[in-house]
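As a plain string of letters, each chain reads:
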Amino acid sequence: MIVEPKVKGFICTTAHPAGCEESVRRQIAYCKEKGKAEGPKKVLVIGASTGYGLGSRIAVTYAYGADTMGVSFEREAKGKRTATAGWYNTKAFEKLAREDGYYARSFNGDGFSREMKDQVIEAIRQDWGKADLVVYSMAAPRRTLADGTTVSSVLKTVGEEFTNKTIDLKTNEITEVTVPVADEEEIQNTIRVMGGEDWQEWIRALVEADVLADNASTVAYSYIGPAVTHAIYKDGTIGQAKKHLYETSRNMTKEFAHKGLQAYVSVNKALVTQSSAAIPIVPLYISLLYKIMKEEGLHEGCIEQMYRLFADKFVTKETDAEGYFRLDDWELQDKVQERIDAVWDRVTTENIKELGDIEGYWEDFYQMFGFHYDNVDYSEDVEI
């Protein structure tokens, strides 16, 4: 069938299989061009189908020459409904990695569940013996706990409501948004979905099953951002979850010291992802950031960030004083943030295309779902 983009709010409800394969192919080509690095050879990526998780899987395969297992929860095609982009990305990665001689095995299901943990543990035991790196890149709006209870995360502030500019992604209009205050239950539920609890459960399960190598590493992803986003992100409900993620990394390094485990958090830059598109204020910030970082020659997408993480900072264990890998180091340079501060109060619907890179934002958005690649013929029938 002919597949066209159908956008609802901050999500595209269709995905193009050929376009998703082209996206994966380009990310692989980038890593091949950059070259090899020394690193772990048996890598489990939890949340491996889009964004930073997919970029991680590609980077460790082509930088380290690693075998990978990936866990994700994606929807396959049904009738005239396409599969999700993550489904197509995973199939494309498996195909292309295997053509290049790499082991790539994927699991589709609820990464929070004990059943999925058991499936992966058995696969590691049979195929590898042990894993030596675990990347935790889960981004889900809700989580079903072991007792069957489902808890959901919220995008709210903590303490007092916050009003600032945002961009209406339906119209590209600059509007004001007021983000409400979360109650204590909402804060705790967000921590349970987006914090470090499940990450720690994964590592415990792997250690108890004796399928995690001695002196292994694990890394999870976070974002801090500049002051303009702090109320909704760093100091909001998401920020409380990310603080818990960081505390979990410290606790796990202590808990599994007898195994020599090192647990890290990587603070990445702001990018167009399925997660960030949903956060008020952030898409406007990203469109301004893109323009400035491109002009400064500092812009990176997911694959550039993940290659730099694994080929550079992870290899040398280059962390800040708190133990974070800082992939947001270029974003938070004074020359970048001073330019954003200078335009934030001036940006309007009329001048957003001049002051920001709204076209670049939308290009990245559509490419997440396999659209807007110049060498893909979207008028052709494709098998979905």
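A brief report on the enclosed structure follows. Sequence order as written defines the numbering, with residues in each chain counted from 1. Totals for whole chains, interfaces and linings use every residue, but because this is a predicted model, local features are given only for residues with pLDDT of at least 70 and side-chain atom pairs only at 80 or more, for both listing and counting. Hydrogens and waters are ignored; side-chain quantities use all the structure's heavy atoms.

1. Some remarks on the side chain of Asn-164
Strands here are runs of E lasting at least two residues and helices are runs of H or I lasting at least four, both read from the DSSP assignment and numbered beginning at the N terminus. Mapping Asn-164 onto the fold places it in strand E9 (residues 162-168). Pairing of N or O atoms within 3.5 Å defines a polar contact, subject to two protein rules: one partner must be a possible hydrogen donor and the other a possible acceptor, and residues neighboring in sequence count only if both atoms are side-chain atoms. At 3.1 Å, the side chain of Asn-164 and the side chain of Trp-344 are in polar contact. Setting aside residues up to four positions removed in sequence, Asn-164 forms contacts with Thr-175, Glu-176, Val-177, Val-228, Ile-281 and Trp-344. Two residues form a contact once any of their heavy atoms are found within 4.5 Å.

2. Thoughts on helix H11 (residues 334-344)
Any residue under 20% of the maximum accessible area for its type is buried, any over 50% is exposed, and the rest in between are partly exposed; the area is computed with a 1.4 Å probe on protein chains only. Those residues of H11 lying buried are Val-336, Gln-337, Ile-340, Val-343 and Trp-344. Axial view of H11: buried residues confined to an arc of 130 degrees, hence all on one face. Facing away from the buried side of H11 by more than 90 degrees, the exposed set consists of Asp-334, Glu-338 and Asp-341. Those residues of H11 hidden inside the fold are in contact with E9, helix H7 (227-230), helix H9 (282-295) and helix H12 (352-355). Read the arc as the range of directions from the helix axis to the C-beta atoms.

3. Topic: the pattern of salt bridges
By convention in these notes, a salt bridge is any Lys or Arg side-chain nitrogen within 4 Å of a carboxyl oxygen on Asp or Glu. Summed over the entire model, instances satisfying the criterion amount to 32 salt bridges. With a shortest N-O distance of 2.8 Å, Lys-95 and Glu-21 are connected by a salt bridge. Taken together, the residues Lys-95 in helix H3 (residues 85-99) and Glu-21 in helix H1 (residues 17-34) connect sequence positions 74 residues apart. In the salt-bridge network here, residues are joined through shared partners; they are Glu-21, Glu-22, Arg-25, Arg-26, Lys-95 and Asp-374.

4. Comments concerning the nonpolar core
Note that soluble globular proteins tend to have their nonpolar side chains buried in a common cluster. By nonpolar core we mean a set of buried residues, namely Ala, Val, Leu, Ile, Met, Phe, Trp, Tyr and Cys, connected to one another through side-chain atoms within 4.5 Å. In terms of nonpolar packing, the biggest core is built from 91 residues, with Ile-58, Tyr-285 and Phe-310 touching the most fellow members. If one sorts the elements of this core by residue count, H9 sits on top with nine residues. For Ile-58, the contacting residues outside a window of four places in its chain are Val-24, Gln-27, Ile-28, Cys-31, Phe-93 and Ile-303.

5. Section: the state of the cysteines
Cysteine sulfur atoms are paired as a disulfide whenever they fall within 2.5 Å. On inspection of all chains with the given rule, the structure shows zero disulfides. Cys-20 provides the cysteine sulfur closest to Cys-12, a residue in no disulfide bond, and the two sulfurs are 9.5 Å apart. Free cysteine Cys-302: the closest other cysteine sulfur is in Cys-31, separated by 12 Å. Residue classification places Cys-302 among the buried residues on the basis of a relative accessible area of 16%.

6. Section: the pairing of strand E5 (residues 104-108)
For two strands to be treated as a pair, DSSP must find at least two bridges joining them. Note: strand E4 (residues 67-72) against E5, five bridges, orientation parallel. Paired with Thr-68 across the bridge in E5 is Ala-104.

7. Focus on the pairing of strand E12 (residues 262-267)
Most of E12 sits out of view: five of its six residues are buried. Pairing analysis gives six bridges linking strand E11 (residues 212-222) to E12, with the strands arranged parallel. Residue pairing for E12: Val-219 is matched across the bridge by Tyr-264. Pairing of E12 with strand E13 (residues 324-326) involves three bridges; the strand directions are parallel. Looking across to E13, one finds that Ser-266 is bridged to Phe-325.

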